[in-house]
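Architecture at a glance
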Amino acid sequence: MLNFAGYFKALFDQQSLKCINQSGKYMKFLHIISLSSLLLLLFSCGKKEAMNLSTPDSAASMANVDGLFTLLKPEETGVSFSNDLVEDEHYNCVFFESIYNGAGCAVLDVNNDDLLDLFFVSNQGKDKLYLNKGNFKFEDISASAGIEGGAEWSAGVTIADVNADGYDDIYISCHLKEDPELRRNKLYVNQKNLSFKEEAKAYGLDDSGYSIHAAFFDYDVDGDLDVLVINQPMVINEYQKTRCPDGQSIQLTPVPEYRKQSLHRHHEGSRPFKHCIYAQYSDWRYFK
């Protein structure tokens, strides 16, 4: 087998400085490097046998080809989530450019047992929470935990200990729907018994601004978590598309204030959060 490492070392030691310093030979140097790289690629590919991915055993072998990861089937783990979208005459990529933005996922420790649990957001279906039972086995506790959601279009999910009680809470960003009540973000507060209570309004975090994600951090360094809510207009400029009365044509109207970024401050350990600072979406200035 060729010693490519030694070849490249010798090539650089003997030729690099000479070729680089002599402009007339610089292109020759690049050609040598390109040819050597091609030969290395061909020799590397030649060592691997062709693999038929049509069989389950071959697909599993490919998943573990580098010895780093092993693909586990839903039947083994209990995790079978799928974010399925159904377009119709109203919800489609013509009227809503962000319909295929996708949805969020997160890891958290629901019951502080040092096992990481899984949370998946569904745009049109039910959100899912899988409790880690150990050894890559998970239990779907979505319904009993009270986190499946409703008719809203869920987008991003953020995990934070919002009330500083030592347990992870779940904040869901809601998007897309025209009805502002269906765009109100949700805060699921951990009840410490494998269940959650939705309390976004009580905490002042039921933002209705077409949110796609949020980030909790201590903005004013007072020891309390604050949150920056990221909102995405349907059209990425200062206008939005609306249907005309004839139902066929589209007109542009200014983007209202609630469609822009917002920061919620947690004041002196109390609730609710205070909605106090906006940011322009168009040029990504976070505060004004």
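Values in this document were obtained by computation on a predicted structure and should not be read as measured data.

Bringing the overall build of the protein into the picture now. The secondary structure content of the protein amounts to five helices and 14 strands. Evaluated residue by residue, the protein yields a buried proportion of 37% over its 288 residues. Element-wise, carbon and sulfur atoms account for 57% of the exposed surface of the protein, whose accessible area totals about 17,000 Å².

On to the pattern of salt bridges, then. The tally for this structure, following the rule as stated, stands at seven salt bridges. Of the charged contacts in the structure, one is a salt bridge between Lys128 and Asp140, with a shortest N-O distance of 3.4 Å. Taken together, the residues span a long stretch of sequence, with Lys128 in strand 3 (residues 128-134) and Asp140 in strand 4 (residues 137-140) at a distance of 12 residues. Each of the salt bridges in this network shares a partner with another, and the network as a whole consists of Lys128, Asp140 and Glu148.

Take the sheet that holds strand 8 (residues 196-198) next. Pairing is antiparallel in the open sheet, where four strands are placed in the order 5-6-7-8. Of all the strands in the sheet, just strand 5 (153-160) and strand 8 have a single pairing partner and so form its edges. Strand-to-strand twist across the sheet, computed as the mean angle between neighbouring axes with direction ignored, equals 25°. Pairing of strand 7 (residues 186-190) with strand 8 involves three bridges; the strand directions are antiparallel. Within strand 8, the position partnered with Val189 by the bridge is Lys197.

Moving on, we get to the sheet that holds strand 3. Strand order in the open sheet made by the four strands is 1-2-3-4, with antiparallel pairing throughout. With partners counted over all chains shown, the strands left at the sheet margins are strand 1 (105-108) and strand 4, one partner each. Within this sheet the neighbouring strands show an average axis-to-axis angle of 25°, counted without direction. Examined bridge by bridge, strand 2 (residues 117-120) and strand 3 share three bridges and lie antiparallel to one another.

A negative phi angle is the norm for most residues apart from glycine, just as the trans form is the norm for most peptide bonds. Not every positive phi belongs to a glycine, and Lys192 is a case in point at roughly 65°. Position of Lys192 among the secondary structure elements: in the loop between strand 7 and strand 8. You can call Lys192 partly exposed: its relative accessible area is 47%. If you check the backbone angles, Tyr210 has positive phi at about 55° while not being a glycine. Mapped onto the elements, Tyr210 comes out in the loop between strand 8 and strand 9 (211-217). Judged by its relative accessible area of 5%, Tyr210 is buried.

This brings us to the pairing of strand 5. For a regular strand, the rule is simple: side chains alternate between the two faces of the sheet. Across the eight residues that make up strand 5, a large majority, seven, are buried. Across six bridges, strand 5 lies against strand 6 (residues 169-175) in antiparallel orientation. In the strand pairing of strand 6, Thr158 is matched with Tyr171.

Okay, the packing of aromatic side chains next. Tallied over the entire structure, the rule returns five aromatic pairs. Judged by centre distance (6.3 Å) and plane angle (25°), the rings of Tyr91 and Trp153 are stacked. Note that Tyr91 is positioned in the loop between helix 4 (74-77) and strand 1 and Trp153 in strand 5, a separation of 62 residues in sequence. Under the relative-accessibility criterion, Tyr91 is labelled buried at 16%. Residue Trp153 is classed as buried on the basis of its relative accessible area of 3%. Grouped by ring-pair contacts, the aromatic residues Phe81, Phe120 and Tyr130 constitute a single cluster.

Examined against the element boundaries, Leu115 turns out to sit in the loop between strand 1 and strand 2. In this structure the C-alpha to C-alpha distance between Leu115 and Asn132, which are 17 residues apart in sequence, comes to 5.9 Å. Not counting residues up to four positions away in its chain, the partners in contact with Leu115 are Leu108, Asp109, Asn132, Lys133 and Gly134.

Within the element layout of this structure, Phe120 appears in strand 2. Spatially, the C-alpha atoms of Phe120 and Gly156 are 9.4 Å apart, while their sequence positions differ by 36 residues.

This paragraph deals with the confidence of the model for the protein. A low pLDDT means the predicted coordinates there should not be read in detail. Per-residue pLDDT for the protein has a mean of 74; in total, 58% of the residues score no lower than 70. Throughout residues 4-26 the model reports pLDDT below 50, and contacts reaching past four residues in sequence, or to other chains, amount to 20 contacts. Counted against residues more than four places away or in other chains, residues 275-288, with its pLDDT under 50, gives 40 contacts.

Thresholds applied
- Residues numbered from 1 in each chain as written.
- Predicted model: local features only at pLDDT ≥ 70, side-chain atom pairs only at ≥ 80, totals over all residues.
- Heavy atoms only, no water.
- Helix = DSSP H or I, 4+ residues; strand = E, 2+ residues; numbered from the N terminus.
- Buried < 20%, exposed > 50% of the residue type's maximum accessible area, 1.4 Å probe, protein only.
- Areas by Shrake-Rupley, 256 points an atom, 1.4 Å probe, with all protein chains shown as cover.
- Salt bridge = Lys/Arg side-chain N within 4 Å of Asp/Glu carboxyl O.
- Pairing = 2+ DSSP bridges.
- Axes fitted to C-alpha atoms, helices over the stretch in contact; angles between N-to-C directions.
- Phe/Tyr/Trp six-rings, centres within 6.5 Å; stacked < 30°, edge-to-face > 60°.
- Contact = heavy atoms within 4.5 Å.
- pLDDT = per-residue confidence, 0-100.

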